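Commentary on secondary and tertiary structure
Given next are the chains, with one letter for each unit.
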Amino acid sequence: MDTKAFKRSLQHSENYNRKGFGHQAEVTTQLQSEYHSSLIQEIRDRNYSLQRGDVTIRLAQAFGFCWGVERAVAMAYETRQHFPTERIWITNEIIHNPSVNQRMQEMEVKFIPVETGKKDFSVVDNNDVVILPAFGASVQEMQILHDKGCKIVDTTCPWVSKVWNTVEKHKKIDYTSIIHGKYKHEETVATSSFAGKYLIVLNLKEAQYVADYILNGGNREEFLQKFAKACSAGFDPDQDLERVGIANQTTMLKGETEQLGKLFERTMMQKYGPDQLNDHFQSFNTICDATQERQDAMLELVQHELDLMVVIGGFNSSNTTQLQQIAFEKGIPSYHIDSVERIKSGDALEHRQLNGELAIAENWLPAGKIVVGVTSGASTPDKVVEDVIEKIFSLKA
Ligand SMILES: C/C(=C\COP(=O)(O)OP(=O)(O)O)CO
Ligand code: SF4
């Protein structure tokens, strides 16, 4: 499919909107009242640190709502204002934060129902409005909606669209896109739908396996089984890894993405020689600025003497998980929670471990004077962070 031509025709359609509806002023006030926190503003103004009693809170210098999230959430609110009586659907969560998604449901923005693992678009008729979330949507979903003639409000973050352009460039010159990402994640599902041949690798271990295959060959069946859900239809590891381009989900771990790019560069250089490298390898770093800033701020924060870290964000939030990974690698006791309700008491806190499972941490809040590092993912409202900090203050009061 010529995805570029399709995007052009969609963007020229009178049913398509990606700029909002001119209700910014009202929506900004509404968003401020629902998600803003004066406590967090105070901590920012005090050089990201606040002491109360035995507790010193140290905030990361960059955290919380990124530009793309603010934009997407504002557009969704504007859509509700602009279409007060129409039925409004959304193809997935607007962003990965439970409190924001809850608000969408309260505003009667409904998810497209899923029947036996497949979205049922038959519920949408041409008078309806459908919002595409900040992660975007697959080109197939966009086509279904475009064909239906319903109104489409596209909140895809431009940083995400940039990754789509990158894989389209690979497709044009017949390169296979190696996408550093999570194959089930909405953004990567969308990105891969714009690619030609592609292979999704999760981490350096998987990348090393692919690099070894490129250099030495290997067990084809094992390869195909390992990446069964993470490659394009008909992918042939013996043919389709001769020319590769790297792209990444915007919220991966920055350092890992860089290492992965270098690994494939070395591999292609070794296989084809330095003179031929440009005919076999291309790399664009498509990690977004917000992800980089939040990870850099976290790397700075964990240099301080901290008794523990609290990382706040949705449990399905990729960028939040990367922040937790940084604390984990530094060996700091760190707890990833999605809301204040996870804090049961000073003795018990429910948190998400890096393997995705929930666990209860006992005696997580040490006695005496403590320094608590706090950060939050790009989809976490400041209000949620405030609630957590207030709870810690009250437990130690
Ligand atoms: C929309 C978006 C990022 C905002 O944070 P989210 O936590 O919603 O998403 P992610 O980190 O990708 O799981 C995609 O880049
Ligand atoms: S994390 Fe980056 S790509 Fe994702 S919404 Fe925010 S700015 Fe956009």
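Computed from a predicted structure; not experimentally measured. (Residues numbered from 1 in each chain as written. Chains lettered and ligands numbered in written order. Predicted model: local features only at pLDDT ≥ 70, side-chain atom pairs only at ≥ 80, totals over all residues. Heavy atoms only, no water.)

**Quick notes on the pattern of salt bridges**
Spelled out, the test is: When a carboxyl oxygen of Asp or Glu lies within 4 Å of a side-chain nitrogen of Lys or Arg, that pair is called a salt bridge. Strands here mean DSSP runs of E at least two residues long; helices mean DSSP runs of H or I at least four residues long; both are numbered from the N terminus. Whether a residue is buried, partly exposed or exposed follows from its accessible area with a 1.4 Å probe, protein chains only, as a fraction of its type maximum: under 20%, in between, or over 50%, in that order.
The full count for this structure, using the stated rule, is 24 salt bridges. With a shortest N-O distance of 2.8 Å, Glu168 and Lys7 are connected by a salt bridge. Here Glu168, found in helix H7 (residues 158–172), pairs with Lys7, found in helix H1 (residues 3–11); they are 161 residues apart in sequence, far enough to count as distant. Grouping residues by exposure puts Glu168 and Lys7 together as buried. Salt-bridge contacts for Arg294 lead to Glu293; the nearest nitrogen and oxygen are separated by 3.8 Å. Assessed through its relative accessible area of 44%, Glu293 is described here as partly exposed. The structure contains a network of salt bridges with shared partners spanning Asp174, Lys197, Asp240 and Arg243.

**With respect to the sheet that holds strand S11 (residues 198–201)**
Note the threshold: Here, any two strands with at least 2 DSSP bridges between them count as paired. The axes are straight lines fitted to the C-alpha atoms, using for helices just the contacting stretch, and the angles between their N-to-C directions are given from 0 to 180°. Contact between two residues is taken to exist if any of their heavy atoms lie within 4.5 Å; hydrogens are not considered.
In space, the four strands of this open sheet follow the order S11-S10-S12-S13, with parallel pairing throughout. If you trace the sheet from one side to the other, it starts and ends with S11 and strand S13 (281–283), each paired once. Each adjacent strand pair in this sheet contributes to an overall mean axis angle of 20°, direction not counted. Note that strand S12 (residues 244–248) and S13 share three bridges and pair parallel. Bridged to Ile246 within S13 is Ser283. Strands in contact with H7 are strand S10 (176–180), S12 and S13; relative to S12, the strand with the most contacts, it is inclined by about 170°.

**Points about the site of ligand 2**
Selection rule: Residues are counted as near a molecule or strand when any one of their heavy atoms sits within 4 Å of it. Three classes are used: nonpolar for Ala, Val, Leu, Ile, Met, Phe, Trp, Tyr, Cys and Pro, charged for Asp, Glu, Lys and Arg, and polar for all others, with Gly counted as polar.
In the vicinity of ligand 2, the contacting residues are Cys66, Gly68, Val69, Cys157, Trp159, Val160, Thr250, Cys288 and Ala290. Where the shell around ligand 2 is concerned, the elements lending two or more residues are helix H4 (67–82) and H7. Here the residues of the shell around ligand 2 sort into seven nonpolar, two polar and no charged.

**Description of the confidence of the model for the protein chain**
What counts is decided by this rule: The predictor attaches a confidence to each residue, and that confidence, scored 0 to 100, is pLDDT.
When pLDDT is averaged along the protein chain, the result is 97; 100% of the residues meet or exceed 70. ipTM for the predicted complex: 0.99, alongside a pTM of 0.96.

**Let's talk about the side chain of Thr166**
Checked against the element boundaries, Thr166 lands in helix H7. For Thr166, a relative accessible area of 5% gives the class buried. Contact partners of Thr166, with chain neighbours within four places excluded, come to Ile246, Ala247, Phe284 and Thr286.

**Here we look at the UniProt feature "binding site: isopentenyl diphosphate" (unreviewed entry) in the protein chain**
Inclusion rule: UniProt positions are given in the numbering used here, feature names are shortened, and annotations may be inferred rather than shown by experiment. Using only the protein atoms, space was sampled on a 1 Å grid; points where a 1.4 Å probe fits but cannot get out form cavities, open sets with protein on both sides within 12 Å along at least five of seven lines form pockets, and lining residues are those with an atom within 4 Å of a point. Pairs of N or O atoms are called polar contacts if they sit within 3.5 Å, as long as, within protein, a hydrogen donor faces a hydrogen acceptor (for residues adjacent in sequence, only side-chain-to-side-chain pairs).
Those places that UniProt annotates as "binding site: isopentenyl diphosphate" (unreviewed entry) correspond, in this numbering, to His96, His185, Ser317, Ser318, Asn319 and Ser379. Of the annotated set named above, His96, His185, Ser317 and Ser318 line the largest pocket. As for its position among the elements, His96 is in the loop between strand S4 (88–90) and helix H5 (98–106). Among the residues examined, His96 registers a relative accessible area of 5% and is labelled buried. When residues no more than four places from it in sequence are discounted, the contact partners of His96 are Asn101, Phe135, His185, Glu186, Gly314, Asn316, Ser317, Ser318 and Ser379. A polar side-chain atom of His96 sits 3.0 Å from a polar atom in the side chain of Glu186. Summarising the element assignment, Ser379 is placed in the loop between strand S18 (370–376) and helix H14 (382–396).

**Here's the deal with the site of ligand 1**
To keep it simple, the criterion reads: Per-residue and other accessible areas were derived by the Shrake-Rupley procedure at a 1.4 Å probe size, with only the shown protein chains allowed to occlude residues.
Taken together, 15 residues sit near ligand 1, with His96, Ser317, Ser318, Asn319 and Ser379 positioned nearest. At 2.9 Å from an oxygen atom of ligand 1 is found a side-chain nitrogen or oxygen belonging to His185. Notes on ligand 1: free accessible area 370 Å², of which the protein chains cover 96%. Here the shell around ligand 1 is built from residues that sort into five nonpolar, nine polar and one charged.

**As for helix H11 (residues 254–272)**
As a reminder, the rule being used: Here a helix's expected span is defined as the number of its residues, less one, multiplied by 1.5 Å.
The end-to-end C-alpha distance of H11, which contains 19 residues, comes to 27 Å, matching closely the 27 Å that a straight helix rising 1.5 Å per residue would cover. Burial in H11 covers these residues: Lys254, Glu256, Thr257, Leu260, Gly261, Leu263, Phe264, Thr267 and Met268. Against S10, S11, helix H9 (204–216), S12, S13 and helix H12 (289–301) lie the buried residues of H11. Looking one or two residues past H11, Gly273 carries a phi angle of roughly 90°, positive in sign.

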